[in-house]
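Single-letter residue listing:
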Amino acid sequence: MSILEQLNERQREAAACVDHHVRIIAGAGSGKTRVVTTRIAYLIDECHVFPNKILAITFTNKAAREMKERVESILGPMAHSVQISTIHSFCVRLLREDIRELGYPRNFTILDSEDQKSILKEIYKEQDVDTKVFSYPSMIGYISSCKTAFVSVQQAQEMAHLEGQRIRANVYAAYQKRLADMYALDFDDLLLFAHRLLKESEEVRTKWQRRFSYLHVDEFQDVDELQYAIIRLLCAPDAKLCVVGDPDQTIYTWRGARVDIILEFEKDFPDCRTVILNENYRSEEHILKGANAVIKNNKNRIEKDLYTSRHSDAKIIHFSAADEQNEPVWVAARLKTLYHSGVRYRDMAVLYRSNYLSRALEKALLDAHIPYRIYGGIRFYERAEIKDALSYLRLLAPKQADDDKELWKTLAVRRVLNVPKRGIGAKSIDTLEQQAQQEDVNLYEVLKHPSLSQSKAKKGIASFVEVIEECRRCVDTLSIDQLMKKVLEDSGYLRMLQEDNESDRMENIKELLNDMQQYVENDPQADLNDYLQEVALYTDNDLYEGNDVVQLMTVHAAKGLEFDCVFIYNLCEGIFPSERSVSEGGNAALEEERRLIYVAMTRAKKQLFLSDSMGYSFVLDKIKTPSRFVMEIPPELLEDVGAKPRNRFSEDVDVYAQGSFAQARPAVSHEAAGESARPKTKRRKRGDQLSKGDLVHHTSFGDGVVIRLEDGLATIAFAQKFGVRKIMADHPALSRK
Ligand SMILES: Nc1ncnc2c1ncn2[C@@H]1O[C@H](COP(=O)(O)OP(=O)(O)OP(=O)(O)O)[C@@H](O)[C@H]1O
Ligand SMILES: [Mg+2]
């Protein structure tokens, strides 16, 4: 039986078209990704193409892994050598082989946003830049936009006429210099450097072009100019490119994605064949009809309608909670009911518009003892303890022949030299940094002969160096996870967590060790440098696979995935669609929000739940109403439940889950919106720190949401009257709700 049998006729035509470039334009759930995986298997099994001649680019690590699994399930281990990865991972691979052409060592460092911030901090100090005027995120955004628009430091400086512009351009200059000194690349650089190499070096270009005869790109509707340029450079004249995408699912235009790239694909690839698929295999009838009805309201789109042969009477459930507290409790109750009716937790997902919305939901799930995992939010690898642990590990990495200075190690030393406390203060570190600069070595090297007078600091430094040197001697004999454990034990880091009773942090460290163990098992040849490179690209999605937990994520993170039951949470006007897209963005922004809800709805296979809540929102500073997108769903597809269902006079009030969980339901407030009694707030205990997304109460400004935390200062959005304010996070007037 041919591999192609598992496809319908149109899909088969696309998968078997191996002598032309192929473009598949089709709606959600129509089997685009399935065509790509089957095509890869077909190429190998029936056209006898070597697996390593095939490249596939996907959008997230999770999608890449799923694609690999699908190909492996058809072909077995033969599929191992097909290259399936995100564009960033692919560029890292390319750079590791060829970055020397640009004068960089193979083990260049990849910076994440915290590293970037730490570099900016230093530059701000040197150049006396005020963080209140130039916040770190806005500076990082500025640098990124210069880079992706190919604006060099020199050009930025020439274009800068106003004082503010000059300050930014100078920070950009210093930032670039610092990165170059450290042989470090930020995320933009990964693509930019790969592009430069492919464009400028004919040797590199032909080498990589020779490698791949068949290239595939999934989610092509969200490709930006730079990514497209890289893909084109990778295509040899006789290679065949297959791109698949759905213009209705373009959700990254705010980051430069351009839907015209897929629409005008034939301009660059004239002999391409276009295949349109219109049968949806994922979602049951009402879900699909609902999603189609919503997306139809976009004016700027190509008309296409999907149909499904999966008929069912199950309607889309819409719940309006009487108030904000009730909404997450309802979601939790429903999840539990589904679980008791036999659906596994891992087949359920709750999607929301922005990360901060997950907090109340998390609380409800914890109360209901429902296991869950958040994708996104504070990324696992951005948590302090994980960054500390990896910094220790970085210090153990063997030196590479072409990077004798290893200036990037300075970042790692700075992070952990005094964690746990070794009596080394900020002043001593400053002195040491100056010494390192004078001697033109990295910070770790000066620790071996520090010119410091304080004996306490000197002693601390000596013990730190001793631990690192001892562990370095074990690099060749211990596996990566053993090495990690050793350095955390010897340095006193684990003891510090135990003594501070940091059980969450301990759990995270354990999870990291677990992950390392798996990494070693999967790839026994990989060395410490390989691991460190790989880990720099990880996101939270890469951990905790396989557990039976409900998945919580933003709609953006859910791209390409599917679940039996999907909840879309907090569907209120001003939240989804977001306030900004409604008030400032004009029609284009609203249409992007609509594509986003289309993506969200089409993730569901069997059941779709939409929820919102009524009452006064202090974030929006107004009475909440259900999202216009809910109104765009024809009423006959919806089953309204809840306290006050959309004025449709339905008597059908939702029943909460039975049994003990019913007690978790808070009293429903029927008081007029805005006048309801403010819930009692507790005075914060010492050490009970705030985090981003927390709801807080201020004695003068009322309720608010923490939108940023930096250096002990909390940026809080209060009701419009008071606006966004910065307040000391431990100010007595402030309490967490
Ligand atoms: N011909 C087919 N027969 C049976 N099932 C199919 C067929 N085509 C696709 N499917 C199933 O339908 C679901 C959706 O397919 P897939 O994920 O490939 O769609 P997609 O077009 O990539 O969706 P998205 O736009 O969300 O990325 C999957 O579970 C897939 O296995
Ligand atoms: Mg897909």
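Residues numbered from 1 in each chain as written. Chains lettered and ligands numbered in written order. Predicted model: local features only at pLDDT ≥ 70, side-chain atom pairs only at ≥ 80, totals over all residues. Heavy atoms only, no water.

K.L.:
Please provide a residue-by-residue account of the overall build of the chain, values included.
P.N.:
Of the regular secondary structure elements, the chain holds 28 helices and 22 strands. Radius of gyration (C-alpha) of the chain: 27 Å, near the 27 Å computed for a compact globule of 737 residues. For the chain, the proportion of its 737 residues judged to be buried stands at 55%. In the chain, the proportion of contacts linking residues at least 24 apart, taken out of those at least 6 apart, comes to 75%. (Helix = DSSP H or I, 4+ residues; strand = E, 2+ residues; numbered from the N terminus. Rg over C-alpha atoms; globule rule 2.2 N^0.38 Å. Buried < 20%, exposed > 50% of the residue type's maximum accessible area, 1.4 Å probe, protein only. Contact = heavy atoms within 4.5 Å.)

K.L.:
A description of the environment of Leu393 should follow, citing residues and the corresponding values.
P.N.:
Looking at the secondary structure, you find Leu393 in helix H17 (residues 384–396). In sequence terms Leu393 and Cys471 are 78 residues apart; their C-alpha atoms lie 9.4 Å from each other. Once you skip the residues sitting within four places of it in the chain, Leu393 turns out to touch Ile480, Leu483, Met484, Met516, Leu528, Tyr531 and Leu532.

K.L.:
Requested: an account of the sheet that holds strand E19 (residues 702–710), with residues and values cited.
P.N.:
Read across the sheet, five strands follow the order E21-E20-E19-E18-E22 without closing on themselves; strand pairing throughout is antiparallel. The sheet is open, and its two borders are formed by strand E21 (724–728) and strand E22 (734–736), each paired with just one other strand. With strand direction ignored, the average angle separating the axes of adjacent strands in the sheet is 40 degrees. As paired elements, strand E18 (residues 695–698) and E19 share four bridges and run antiparallel to each other. Within E19, the position partnered with His698 by the bridge is Gly702. (Pairing = 2+ DSSP bridges. Axes fitted to C-alpha atoms, helices over the stretch in contact; angles between N-to-C directions.)

K.L.:
Could you give an account of the pairing of strand E10 (residues 348–352), with specific residues and numbers?
P.N.:
Among the five residues that make up E10, five are buried, leaving the element largely enclosed by the rest of the structure. The alternating pattern of E10 places Met348, Val350 and Tyr352 and Ala349 and Leu351 on opposite faces, both of which are buried. In the sheet, E10 pairs with strand E13 (residues 563–568) via four bridges, with the strands oriented parallel. Residue pairing in the sheet places Leu351 in a bridge with Ile568 of E13. When E10 meets strand E12 (residues 550–554), the two strands line up parallel, connected through four bridges. Across the sheet, Leu351 pairs through a bridge with Met553, a residue of E12.

K.L.:
For helix H15 (residues 326–340), give the residues involved together with the corresponding values.
P.N.:
Taking 1.5 Å per residue as the helical rise, H15 with its 15 residues ought to reach 21 Å, and the 21 Å between its terminal C-alpha atoms agrees with that figure. Of all 15 residues that make up H15, eleven are buried, and the element is covered over most of its length. Asn326, Glu327, Pro328, Val329, Trp330, Val331, Ala332, Ala333, Leu335, Lys336 and Leu338 are the residues of H15 that are buried. (Expected span 1.5 Å × (residues − 1).)

K.L.:
Please provide a residue-by-residue account of the site of ligand 1, values included.
P.N.:
Taken together, 20 residues lie around ligand 1, and Lys32, Thr33, Arg34, Glu562 and Arg603 are the ones closest in. A distance of 3.5 Å separates a nitrogen atom of ligand 1 from a polar backbone atom of Gln6. Separating an oxygen atom of ligand 1 from a side-chain N or O atom of Thr33 is a distance of 2.7 Å. Relative to its free-state accessible area of 640 Å², ligand 1 is covered by the protein chains to the extent of 86%. Considering only residue class, the shell around ligand 1 consists of three nonpolar, ten polar and seven charged. (Near = heavy atom within 4 Å. Polar contact = N/O pair within 3.5 Å; in protein donor to acceptor, adjacent residues only side chain to side chain. Areas by Shrake-Rupley, 256 points an atom, 1.4 Å probe, with all protein chains shown as cover. Nonpolar A, V, L, I, M, F, W, Y, C, P; charged D, E, K, R; others polar.)

K.L.:
Provide a residue-level description of empty space enclosed by the protein, including the pertinent values.
P.N.:
Where empty space is left in the structure can be found by rolling a water-sized probe over the atoms. The tally for this structure, following the rule as stated, stands at three cavities of 30 Å³ or more. Empty space within the largest cavity amounts to approximately 150 Å³. Lining of the largest cavity is provided by 13 residues; of these, Thr33, Ala63, Glu66, Asp218 and Gly560 occupy positions nearest its centre. Per element, the largest residue contribution to the lining of the largest cavity is four residues, and it comes from helix H3 (residues 61–75). Residues of the lining of the largest cavity, tallied by class, amount to four nonpolar, four polar and five charged. The calculated volume of the second largest cavity comes to roughly 120 Å³. Going through the elements one at a time, strand E4 (109–110) and helix H25 (528–535) are the ones with two or more residues in the lining of the second largest cavity. Broken down by element, the residue count for the lining of the second largest cavity peaks at three residues, all from H25. The residue makeup of the lining of the second largest cavity, split by class, is five nonpolar, four polar and one charged. (1 Å grid on protein atoms, 1.4 Å probe; cavity = no way out; pocket = protein on both sides within 12 Å on 5 of 7 lines; lining within 4 Å. Points joined across faces, edges and corners; volume = space filled by probe spheres on them.)

Treat this as a map of the structure, not an account of what it does.
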